[in-house]
Amino acid sequence: QVQLVESGGGLVQAGGSLRLSCAASGRTFSRNAMGWFRQAPGKEREFVATINWSTGRTYYTNSVKGRFTISRDNAKNTVYLQMNSLKPEDTAVYYCAAGPGPSQSPRTYDYWGQGTQVTVSS
């Protein structure tokens with residue numbers, strides 16, 4: 001019902017910036033929250049940020065506060081993740097997800113993108 005496509009990942013030096021995009025299509029009106037998660041090799045998928053599509057309220061995990069910004073473009077049905085001051089520990093596959101409401105748990109999101117690789121060199 002909802003299709004998500006991430007883009008914008010790549011290789012950057014520590015301290016650099018990237019902006020990830022997630023374009024949503026299909027029955028997007030049925031989901032009110034979109035979020036970003038990441039998964040590094042050998043680690044569990046972890047919450048990064050989420051946004052309430054209707055209100056624009058945002059939530060972040062502590063490790064990215066002050067560095068990452070999640071935003072939305074209602075007209076384009078697209079959510080963004082602006083990542084600044086990147087650190088090597090930010091290296092992971094980043095996934096966008098859609099769900100019925102804002103949550104920090106990946107289990108509550110029922111639609112996922114394919115992921116985009118972010119690699120930060122030290």
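Check the entry above for the structure.
Residues numbered from 1 in each chain as written. Predicted model: local features only at pLDDT ≥ 70, side-chain atom pairs only at ≥ 80, totals over all residues. Heavy atoms only, no water.

Colleague: So, the overall build of the protein chain: which residues are in play, and what are the values?
Modeller: Within the protein chain, the regular secondary structure consists of zero helices and eleven strands. Taken from the N to the C terminus, the helices and strands of the protein chain come in the order β-β-β-β-β-β-β-β-β-β-β. A compact globule built from 122 residues should have a C-alpha radius of gyration of about 14 Å, and the protein chain, at 13 Å, falls within 12% of that. By its C-alpha atoms, the protein chain is 40 × 30 × 25 Å across when sized along the principal axes. (Helix = DSSP H or I, 4+ residues; strand = E, 2+ residues; numbered from the N terminus. Rg over C-alpha atoms; globule rule 2.2 N^0.38 Å.)

Colleague: With reference to specific residues and values, describe the state of the cysteines.
Modeller: Evaluation of the coordinates by the stated rule reveals one disulfide. Paired by a disulfide, Cys22 and Cys96 hold their sulfur atoms 2.0 Å apart. Taking the torsion about the S-S bond as the criterion, the Cys22 to Cys96 disulfide, at about 60°, is right-handed. With Cys22 in strand S3 (residues 18–26) and Cys96 in strand S9 (residues 92–99), the pair connects residues that are 74 residues apart, well separated along the chain. We classify Cys22 as buried; its relative accessible area is 0%. For Cys96, a relative accessible area of 0% gives the class buried. (Disulfide = S-S within 2.5 Å. Buried < 20%, exposed > 50% of the residue type's maximum accessible area, 1.4 Å probe, protein only.)

Colleague: I'd love a proper account of the pattern of salt bridges, names of residues and values included.
Modeller: A complete count under the given rule lists three salt bridges for this structure. When the shortest N-O distance is used, the salt bridge between Glu46 and Arg38 registers 2.7 Å. Of the residues examined, Arg38 reaches a relative accessible area of 5% and is grouped as buried. By sharing partners, the salt bridges in this structure join Arg38, Glu46, Arg67 and Asp90 into a single network. (Salt bridge = Lys/Arg side-chain N within 4 Å of Asp/Glu carboxyl O.)

Colleague: Which residues make up the nonpolar core, and what values go with them?
Modeller: Among the nonpolar cores identified, the biggest contains 28 residues, and Leu4, Met34, Trp36, Leu81, Met83 and Tyr94 are the most heavily contacted of them. Sorting the residues of this core by element identifies strand S1 (2–7), S3, strand S4 (33–39), strand S5 (46–52), strand S7 (68–73), strand S8 (78–83), S9 and strand S11 (116–121) as the ones contributing at least two each. In contact with Leu81, not counting residues within four places along its chain, are Leu18, Arg19, Leu20, Trp36, Val48, Ala49, Phe68, Thr69, Ile70 and Tyr94. (Core = buried A, V, L, I, M, F, W, Y, C linked by side-chain atoms within 4.5 Å. Contact = heavy atoms within 4.5 Å.)

Colleague: Could you give an account of the environment of Ile51, with specific residues and numbers?
Modeller: Note that Ile51 resides in strand S5. For Ile51, a relative accessible area of 2% gives the class buried. The sequence separation of Ile51 and Gly10 amounts to 41 residues, and the corresponding C-alpha distance is 23 Å. Each residue touching Ile51, except ones within four places of it in the same chain, is listed here: Asn32, Ala33, Met34, Gly56, Arg57, Thr58, Ile70, Ser71, Arg72 and Val79.

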